[in-house]
Amino acid sequence: MKVSLYNTMSRTVEEFKPITEGFVGMYGCGPTVYNYAHIGNLRTYIFEDTLKRVLVHAGYKVKHVMNITDVGHLTGDGDDGEDKLEKSARESGRSVWDIAKFYTDAFFRDYDSLNIIRPDVVCPATQHIPQMIALIKRLEEGGHTYIAGGNVYFSIDTFPEYGRLARLNLDDLKSGARIDIDSNKKNPKDFVLWFTNSKFGEQAMMWDSPWGRGYPGWHIECSAMSMQYLGEHFDIHCGGIDAIPVHHTNEIAQSEAATGKTWVNYWMHGEFLLSEKGKMSKSSGEFLTMSVLKEHGYDPLDYRYFCLGAAYRTQLQFSWQGMDGAKAARQGLVDRIASLDEKVADMASLSGKARSYMDQFDAFVCNDLSTSRGLSVLWTMLKDDGLSDAEKRCAVNYMDKVLGLKLDGIKKKASDEGQDIPAEVMELVEKRAQAKKDKDWASADAYRKQIDEMGYLLKDTPAGPSLQKKM
Ligand code: AMP
Ligand code: ZN
């Protein structure tokens, strides 16, 4: 199956060609574990999960590596500010190690609840310090570093390709350089590989290194760990769009300067989830977590559905109304599937019509992960009376491997059983029955209309009234 993906490096949708036949090495920047993940962060992990599922669906074996940033991520992207974990520890009176463990566990609870498949390798930065030191040494030997004020810096002037991913104009950068608070930097875009001169006083996490006791800069961890688990040249690197101008730009510089060759073939980025005030962000303190969504009565899979309904490369505006729509739509899917007989047809026995729905689905999701169109194919297929229940079940299972909405194996329900019919609706059904008994046809009709407006279809059958949720 052919897969096309938008490569941020070329700014075009390209046909995906793996380095090794049938295999994909994929790295995604993981969470900084100083606070709960917000639902914007989680949108990015849902996008990466979809990418992985599509590649597996297309027949590739995927090795997915994700780091956990538990040291070195400062509050400012330009090496300014304070280590986010140290700050969180200080403010909460807990140790940095406790903070990292607590929020890593919380992160994976959210991850699992969204039915995101766990990475094959999860690598915390603090457990890979020797690999980072080795990479910095290699850069030093190649003449790409300098030491100033006790810190080791990467010198971007030694890497002429600097800024290619973000299409930065280096001349503009120099002439318009903002005053950087770090006066040690020869070029304002140089960045720290190793801090020995902590500006934060009591730094709890420190390691010995050839340059003195200290701790790594943020960017070096992703280069060192991806190379450790995927080699010096691998297929796909992904993350959120905000990583392009600094984090990924610096990752490329240090990786390619060290090895002298291309590091990654495809760069993929998920767009932001927006709150009412713009980009949802942890630092602004105004963000929604999975727990808040659950408190409001949503299943995490409602949020997954909400995200799948939008293209990963477009910004997505969060709203409670949008969540209600996603919840109702997902429930509609579940109800429809629950109305089907449970037998699942064999792939080999499918009609041409059923196959063609699957092919349409594949064409959409393999075209830069168009899950919204994939979802509409699923809906159309389920509504098609020309397909048997068993064929529909087979197609649902096939498509759900990519969608990850847990649609596989939903039990059949009797038409009016277990639909969680609200008490108000049941009350109206009883009132209507009484009105009919009283031959008060006008009231009976009015009650039926109210039931209809509440989303339920009331049918009179020889066995009595039957109630069905409208699709
Ligand atoms: P962090 O835990 O802050 O390192 O971020 C984890 C991931 O979430 C990164 O890939 C970010 O680029 C991404 N991210 C941050 N804010 C948003 C947002 N509002 N919408 C989508 N992704 C985001
Ligand atoms: Zn990274």
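Structure: see above.
Note that the structure is predicted; figures quoted are calculated from it, not measured.

Draft legend 1. Here's a closer look at the overall build of the chain. Helix and strand counts for the chain come out as 15 helices and 16 strands. The C-alpha extent of the chain, read off along each of the three principal axes, is 90 × 50 × 40 Å. If you take every contact in the chain between residues at least 6 apart in sequence, the share linking residues at least 24 apart comes to 74%. Counting every atom, the chain has about 20,900 Å² of accessible surface; 50% of that belongs to carbon and sulfur. Looking at charge distribution, the chain has the averaged site of its 58 positive side-chain charges lying 3 Å from that of its 67 negative ones.

Draft legend 2. Structural detail: the side chain of Glu256. Tracing the backbone shows Glu256 in helix H7 (residues 244-259). Overall, the relative accessible area of 10% leaves Glu256 in the buried class. Sequence-distant contacts of Glu256, defined by excluding residues within four places in its chain, comprise Phe159, Arg164, Lys261, Thr262, Trp263 and Val264.

Draft legend 3. Summary view of the site of ligand 1. Every one of the 17 residues lining ligand 1 counts as a neighbour, but Gly40, Thr44, Asp242, Leu273 and Met280 are closest to it. Within the backbone of Gly40, one N or O atom sits 3.0 Å away from a nitrogen atom of ligand 1. Residue Leu273 places a main-chain N or O atom 2.8 Å away from a nitrogen atom belonging to ligand 1. Taken by itself ligand 1 offers 500 Å² of open surface, and the protein chains cover 92% of this. Only helix H1 (39-57) and strand E10 (234-240) provide two or more residues apiece to the shell around ligand 1. In terms of residue count, the dominant contributor to the shell around ligand 1 is H1 (four residues). If you count residues domain by domain, the shell around ligand 1 takes at least three from each of domain 1 (19-270) and domain 2 (278-469).

Draft legend 4. Broad picture of the pattern of salt bridges. All told, the structure shown has 18 salt bridges when counted by the stated rule. Asp359 is the partner of Arg355 in a salt bridge, and the nearest nitrogen-oxygen pair spans 3.8 Å. Pair noted here: Arg355 and Asp359 are both in helix H11 (residues 352-365), with a separation of four residues, about one helical turn. Residue Arg355 is classed as partly exposed on the basis of its relative accessible area, which comes to 29%.

Draft legend 5. Seen up close, the coordination of the zinc ion (ligand 2). Within the protein, the zinc ion (ligand 2) binds to Cys29 (SG), Cys222 (SG), His247 (NE2) and Glu251 (OE); these donor distances fall in the range 2.1 to 2.2 Å. On the primary sequence, the residues serving as donors to the zinc ion (ligand 2) are separated as C-x192-C-x24-H-x3-E. You can see Cys29 sitting in the loop between strand E3 (23-28) and H1 and its partner Glu251 sitting in helix H7, a full 222 residues away along the chain. Per residue, the accessibility class of Cys29 equals that of Glu251, and both read buried.

Draft legend 6. Spatial organisation of the nonpolar core. The biggest cluster of nonpolar side chains holds 135 residues, and the ones touching the most others in it are Ile236, Tyr303, Leu378 and Met399. Here this core spans two domains, since at least three of its residues come from each of domain 1 (19-270) and domain 2 (278-469). Excluding its chain neighbours within four sequence positions, the residues that come into contact with Ile236 are Leu5, Phe16, Val24, Gly25, Met26, Tyr27, Leu51, Leu55, Val264, Tyr266 and Met268. Among the nonpolar cores identified, the runner-up in size contains seven residues, and Val425, Leu428, Val429 and Leu458 belong to it.

Draft legend 7. Molecular detail of the sheet that holds E10. Spatially, E5-E4-E3-E10-E11 is the arrangement adopted by the five strands of the open sheet, whose pairing is parallel. Each edge of the open sheet carries a strand with a single partner, namely strand E5 (121-124) and strand E11 (264-270). Across the sheet, the mean angle separating the axes of adjacent strands is 20° when strand polarity is ignored. Bridge analysis of strand E4 (residues 61-68) against E5 gives four bridges, and the strand direction is parallel. The residue bridging Met66 from the neighbouring strand is Val122, located in E5. Contacts from H1 reach E3, E4, E10 and E11, with the element oriented near 155° to E10.

Rules used throughout
- Residues numbered from 1 in each chain as written.
- Chains lettered and ligands numbered in written order.
- Predicted model: local features only at pLDDT ≥ 70, side-chain atom pairs only at ≥ 80, totals over all residues.
- Heavy atoms only, no water.
- Helix = DSSP H or I, 4+ residues; strand = E, 2+ residues; numbered from the N terminus.
- Contact = heavy atoms within 4.5 Å.
- Areas by Shrake-Rupley, 256 points an atom, 1.4 Å probe, with all protein chains shown as cover.
- Lys, Arg positive; Asp, Glu negative; His and termini not counted.
- Charge placed at Lys NZ, Arg CZ, Asp CG, Glu CD.
- Buried < 20%, exposed > 50% of the residue type's maximum accessible area, 1.4 Å probe, protein only.
- Near = heavy atom within 4 Å.
- Polar contact = N/O pair within 3.5 Å; in protein donor to acceptor, adjacent residues only side chain to side chain.
- Domains from an automatic or database assignment.
- Salt bridge = Lys/Arg side-chain N within 4 Å of Asp/Glu carboxyl O.
- Donors = N, O, S within 2.8 Å, 3.2 Å for Na, K, Ca; no water.
- Core = buried A, V, L, I, M, F, W, Y, C linked by side-chain atoms within 4.5 Å.
- Pairing = 2+ DSSP bridges.
- Axes fitted to C-alpha atoms, helices over the stretch in contact; angles between N-to-C directions.

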